[in-house]
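Observations on the three-dimensional arrangement
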Amino acid sequence: MTLPFTPLFIDGEWRPSSTDANFEVRNPATSRVVGTAASASAEDCAAAVEAAAVAFQTWENSSLALRRDILLKASDILATEEYRAKIMTAVGEETSATAETAIFNHMAPLNELRNFAGATTRLKGESFMSWIPGGQVFAQRRALGVILSIAPWNAPIGLTLRAVALPIVCGNTVVLKCSEVSPRTQAIVVEIFEKAGLPRGVLNLVIASREDTPSRVSQIIAHPAVRKINFTGSDTVGRLIAAEAAKYLKPCIFELGGKAPVVVLEDADTPRAARAITSSALLHSGQICMATERVIIQKGATDALVGELKTLFQRVKAGDPQSDPSVAIGALFSEGSAENVLAMIKEAVEGGAEVLLGDLTREGSIIQPHIVAGVRPGMRLWDRESFGPVVALATVETIDDAVAAANASDYSLVAGLWTNNVHTAFDVASRIRAGCTNINGPTVHVEWMRSHGGLGGSTGYGRFTIDDFTEIRMMVLHPAKEPPYVLTSRLNGTT
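All of these numbers come straight from a predicted model, not from anything done at the bench.

This part takes up the side chain of N27. Within the secondary structure, N27 is located in the loop between strand 4 (22-26) and strand 5 (33-38). In terms of polar contacts, N27 uses its side chain to reach the backbone carbonyl oxygen of E93, at 2.9 Å. In this structure, N27 is in contact with R32, V34, G92, E93, S96 and Q322, ignoring residues within four places of it in sequence.

Dropping the structure here:
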């Protein structure tokens, strides 16, 4: 059987690397090769940026109706059973994703595309009177130019669409750098836009091997035509990209991850809280930026909640979902990631934490769910995103203690709060420093009608909004009657 090959997409053409370089893509659960992909050369990257720059000259001036219609047509294509099946096959083979991840790779992206299509109605400026009598000011919202969009593997359809669709609808052109983990899946987004009639050069796809990625990304950032970078991924890589962009004073949008705290107060519905925590902690093996990682429990709720969590976690089986239908969560994306998760747990145990569930072992990239109690700030399991099927528990006495523990983190993406008192809910939620706090609900939740993002720190900065992908350009129409100008009026003998 011939393995699928994912080519580059530059200036409206699918093509191999100019050097014919390629790399293997492996399933993380089995290590089986599931495809190959082109690895772009420096020449390919330059061609992609230059194609985007040329396309920008016309796309910037395209009608809002055309942009809207292309996105709506793309959503119709995405909605078909053909593409749902194509996406779920590719994402399953490349990332060991289970059927439950369809919410991020098919259902939610449909709404996302349609919402972005509707955003064309917000691409407008304003006019107002100048402070100069008889003058008029016109402020236009205009596209930036070429955007470098770097999208990750963990929700490859939803996060790739977010990275490219909004910049495009704002009138920008895009060079998409996909993850080497999921090139076939992310290329489907490009294919959909091509079928929807997006003009050549507006969206270009660059793929690179893990070894080539640093130099290729640096090269693209340095290109004078690139005006802005958006990146979703780890804060470690985000810091490298920020440093590279800073060399050229280029702005960035970063969504870099989370360490979502969930506060469970004594009056909470603990069975429901346990179900929501289990869902958000273990879905996609915890490889979601909104995953519940820290659970802060007011003392009176500890026994009930921990008992519920242990029962639910024990029912979740990790493995290869492609071969075993009883598997609920798949492998981590690499053995290195799995080893890091176990190291974080072991370090916490050495520091006094207790493993309540889990065997501290792995089978390749597969780790069974873990619950660790007695975790505190200063331990990596508390301080750093694990991106694995593990939850850290801490018990506190008071509500103030719970808020302090929730905020003892450099991450600020999302949080959760469980209480049956509505007044307590709003008081406590307003004190938790997170971009979104879910009251009596899971942390893996997005309100698509609002931008999703954190409040700085290791979660990054900037938002995926119209304001972030456009700029305001002002034009001042001065009055027909010439006023006295500073200095020259004196030279002319006028006052």
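Next comes the rest of the write-up.
Attention now goes to the packing of helix 9 (residues 270-282) against helix 10 (residues 302-315). How two helices sit against one another is set out by the angle between their axes and by the gap between those axes. Relative orientation of the contacting elements helix 9 and helix 10 amounts to 45°, with a least axis distance of 9 Å. With respect to helix 10, the element helix 9 is oriented oblique. Between helix 9 and helix 10 the crossing geometry is right-handed. On helix 10, the residues that touch T270, P271, A273, A274, R275, I277, T278, A281 and L282 of helix 9 are A304, L305, E308, L309, L312 and F313. Of the residues belonging to the contact of helix 9 with helix 10, the class tally is eleven nonpolar, two polar and two charged.

Counting buried residues along strand 11 (residues 226-232), six of its seven residues qualify, which places the element largely inside the surrounding structure. Two elements, strand 11 and strand 12 (residues 252-255), share four bridges in a ladder whose sense is parallel. Bridging from a neighbouring strand, I229 pairs with C252 of strand 12. Between the parallel pair strand 11 and strand 12, the chain is carried across by helix 8 (residues 235-246), and the sense of this crossover is right-handed.

A separate point is the nonpolar core. Residues V164, V175, F193 and L203 are the most contacted members of the largest nonpolar core, which totals 81 residues. With eight residues, helix 5 (residues 156-169) is the single largest residue contributor to this core. Counting 32 residues, the second-largest nonpolar core is a separate cluster that includes V263, I345, I367 and V428.

So, on to helix 4 (residues 102-118). Here helix 4 spans 23 Å end to end across 17 residues, near enough to the 24 Å set by a 1.5 Å rise per residue. Remark: the principal bend of helix 4, roughly 45°, maps to A108, with a proline, P109, within the next four residues. Those residues of helix 4 that fall on the buried side of the exposure criterion are A102, F104, N105, H106, A108, P109, L110, E112, L113, F116 and A117. Turning to helix 4, the residues buried within the fold contact helix 2 (64-78), helix 3 (81-95), helix 5 and helix 6 (183-195).

A few words on a nonpolar patch on the surface. Together, F128, I472, M474 and V476 line one region of the surface with nonpolar side chains, adding up to about 360 Å² of accessible area. By residue number, the principal contributor to the nonpolar patch is strand 20 (residues 470-477), which donates three residues. For V476, the location among the structural elements is in strand 20.

What follows covers unusual backbone geometry. With phi around 55°, D11 is a residue other than glycine that occupies positive phi space. Structurally, D11 is set in the loop between strand 2 (8-10) and strand 3 (13-15). Not every positive phi belongs to a glycine, and L360 is a case in point at roughly 60°.

Ordered in space as 1-5-4, the three strands form an open sheet in which the pairing is mixed. Two strands bound the open sheet, and with one partner strand each, they are strand 1 (5-6) and strand 4.

Before going further, it helps to spend a moment on the packing of aromatic side chains. Scanning the entire structure with this criterion turns up six aromatic pairs. With a centroid separation of 6.3 Å and an interplanar angle of 80°, the aromatic rings of F231 and F254 are classed as edge-to-face. Here the residue F231 occupies a position in strand 11, and F254 occupies one in strand 12, the gap between them amounting to 23 residues. Across the pair, exposure class does not vary: F231 and F254 are buried alike. The interplanar angle of 50° and the centroid separation of 6.2 Å between the aromatic rings of F464 and F469 together place this pair among those described as tilted. You can call F469 buried: its relative accessible area is 0%. Members of the aromatic cluster, joined through ring pairs, are W153, F333 and F387. Over the ring of F464 we find R162, and its NZ or CZ is 4.0 Å from the ring centre.

What follows deals with the packing of helix 5 against helix 6. Direction vectors running N to C along helix 5 and helix 6 enclose 45°, while the axes themselves pass 9 Å from each other. Considering the angle they form, helix 5 stands oblique to helix 6. Judged by the sense of rotation from one axis to the other, the crossing of helix 5 with helix 6 is right-handed. Within the contact between the two elements, helix 5 uses P156, I157, T160, L161, V164 and A165 and helix 6 uses T185, Q186, V189 and F193. Broken down by class, the residue content of the contact of helix 5 with helix 6 amounts to seven nonpolar, three polar and no charged.

Reading the values: rules and limits
Residues numbered from 1 in each chain as written. Predicted model: local features only at pLDDT ≥ 70, side-chain atom pairs only at ≥ 80, totals over all residues. Heavy atoms only, no water. Helix = DSSP H or I, 4+ residues; strand = E, 2+ residues; numbered from the N terminus. Polar contact = N/O pair within 3.5 Å; in protein donor to acceptor, adjacent residues only side chain to side chain. Contact = heavy atoms within 4.5 Å. Axes fitted to C-alpha atoms, helices over the stretch in contact; angles between N-to-C directions. Parallel < 35°, antiparallel > 145°, perpendicular 65-115°, else oblique. Left-handed = near helix turned anticlockwise from the far one by under 90°. Nonpolar A, V, L, I, M, F, W, Y, C, P; charged D, E, K, R; others polar. Buried < 20%, exposed > 50% of the residue type's maximum accessible area, 1.4 Å probe, protein only. Pairing = 2+ DSSP bridges. Right-handed = clockwise from strand over helix to strand, strands pointing away. Core = buried A, V, L, I, M, F, W, Y, C linked by side-chain atoms within 4.5 Å. Expected span 1.5 Å × (residues − 1). Bend = angle between axes of the 7 residues up to and from the residue. Patch = residues over 30% accessible without salt bridge, like charges linked within 9 Å, V, L, I, M, F, W, Y side chains within 5 Å. Areas by Shrake-Rupley, 256 points an atom, 1.4 Å probe, with all protein chains shown as cover. Salt bridge = Lys/Arg side-chain N within 4 Å of Asp/Glu carboxyl O. Phe/Tyr/Trp six-rings, centres within 6.5 Å; stacked < 30°, edge-to-face > 60°. Lys NZ or Arg CZ within 6 Å of the ring centre and 35° of its normal.

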